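Residues per chain are reported as follows:
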Amino acid sequence: MNRSFASRMSRVKPSAIRELLQLGSDPEIISFGGGYPDPSLFPIAELDAIFHEVIASHGKDTLQYAASTGLPRLREQIAERMSADGTPTSVENVLIIQGAQQGLDFVAKMLIDPGDLIVTDDPTFLGALIAFNPCEPRYAAVPMDSDGMIVEALEEILKRERCKFIYVVPDFQNPTGVSMHGSRRKRIVELANQYDTMILEDSPYREVRYAGERQPTMKSFDTEGRVIHLGSFSKILAPALRTGWVAADEAIIHQLGLLKVAADTQCSTLNMAAVSLFLDEFDVDEQIKTIREAYGRKKELTLEVIRANFPPEVHYTDPEGGMFTWLTFPEGFDTTKFMREEALPKAKVAYVPGATFFPTMERPNHARISLSAQKDDAIRAGLGALGQLVSKALG
């Protein structure tokens, strides 16, 4: 049989995320790979009660089709929360999606023609590259420091060439854990206005800040409808709910809504109703506080174990929130080869090699460590064993 796949499929390849999700289900492996929330923090009893109520009391509605834009009450609640966070938002500015990942896919389909230029951090979120690649863009990568994307380098790119949009994860970036300073967020929006481009602000970790000062969203600086903001309940309630949102100008929400109908008609009415009822009946901010405290403690333990067991030439980021720290090894160290030949067979430890997070030129001497999902004993044992192997390899 002659299977004639579209040319775009040449840009769709197996990813480290897919492979690490498979490793995460192996009980013999201590995985610091997949960006899993800590399952012990899921509000299981509350969600159990909510789903019973949603079906028993509202089943004729919650098991039926709903508007493709999402349940009006949930959209209203999201708009209220964003407005309270300093980003004035109305119901008409909100579209419910299947987690922030679907937003990446929709924005790519809406904006990218083959050959269009996307500007990203260097490194950037691998899941975004996976979503963008089938649309056949080109990339320009902007270096980062401890305050995020370096705006001077960004402006040099924008001066040289027309850019379709700037993609950023400003809050506790995946993969580095770095949070962008508020002044840089404002300046990037100003540059987008000046050079007539869009911004895709991907912020699924925003609520999970356990240190430092809360920074304004990039959307809060948007005066021309250029910023598309993505949010998610996956990190503060549960990933299996697959409930996220887009906040954007009404004209953009209309276009994305058309893509939503084409993709899956709507999100699960049942899940949307459950999330909405949770927000009405329980204190989600108390749930978020519990997560922040737990992840803040896990971060401190993770860095403590790294300092005690890894050689000093291995550098790491110290995140103020989110789920990741980023390891940088000496030049010439290949973290993919090391995991396959040393970490997995000898220590039963997995992480995400960093090379594929770089959109233009892969750099193999980096690794992403997820600090959220493992228990304390596993953090000590897994990272301790990994550090000893690294120390031995570096002599």
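Here, the structure is the one placed above.
Let us look at the structure shown here. (Residues numbered from 1 in each chain as written. Predicted model: local features only at pLDDT ≥ 70, side-chain atom pairs only at ≥ 80, totals over all residues. Heavy atoms only, no water.)

All right, on to unusual backbone geometry then. The step from Asp122 to Pro123 runs through a cis peptide bond, and the omega angle for that step is 10°. With respect to the helices and strands, the residue Pro123 is situated in the loop between strand 3 (117-122) and helix 5 (126-132). Of note, the amide linkage connecting Asn174 to Pro175 takes the cis form, showing an omega dihedral of 25°. Mapped onto the secondary structure, Pro175 falls in the loop between strand 6 (165-168) and helix 7 (182-194). Within the chain, Phe172 stands out as a residue other than glycine whose phi angle is a positive 55°. Along the chain, the position of Phe172 falls in the loop between strand 6 and helix 7. Residue Phe172 is classed as buried on the basis of its relative accessible area of 1%. (Helix = DSSP H or I, 4+ residues; strand = E, 2+ residues; numbered from the N terminus. Buried < 20%, exposed > 50% of the residue type's maximum accessible area, 1.4 Å probe, protein only.)

Right, let's talk about the packing of aromatic side chains for a bit. Taken as a whole and assessed by the stated rule, the structure comprises nine aromatic pairs. Relative to Tyr167, the ring of Phe132 lies with its centre 5.4 Å away and its plane at 85°, an arrangement referred to as edge-to-face. With Phe132 in helix 5 and Tyr167 in strand 6, this residue pair connects regions lying 35 residues apart in the sequence. As far as burial versus exposure is concerned, Phe132 and Tyr167 are alike and both buried. Ring geometry for Phe329 versus Phe333: centroids 4.7 Å apart, planes at 10°, classification stacked. (Phe/Tyr/Trp six-rings, centres within 6.5 Å; stacked < 30°, edge-to-face > 60°.)

Ordered by their spatial adjacency, eight strands build an open sheet running 2-9-8-7-6-3-4-5, and the pairing between neighbours is mixed. Both outer strands of the open sheet, strand 2 (94-97) and strand 5 (148-149), are each paired with one neighbouring strand and no more. Pairing of strand 2 with strand 9 (residues 244-247) involves four bridges; the strand directions are antiparallel. Note on strand 9: the bridge partner recorded for Ile96 is Trp245. (Pairing = 2+ DSSP bridges.)

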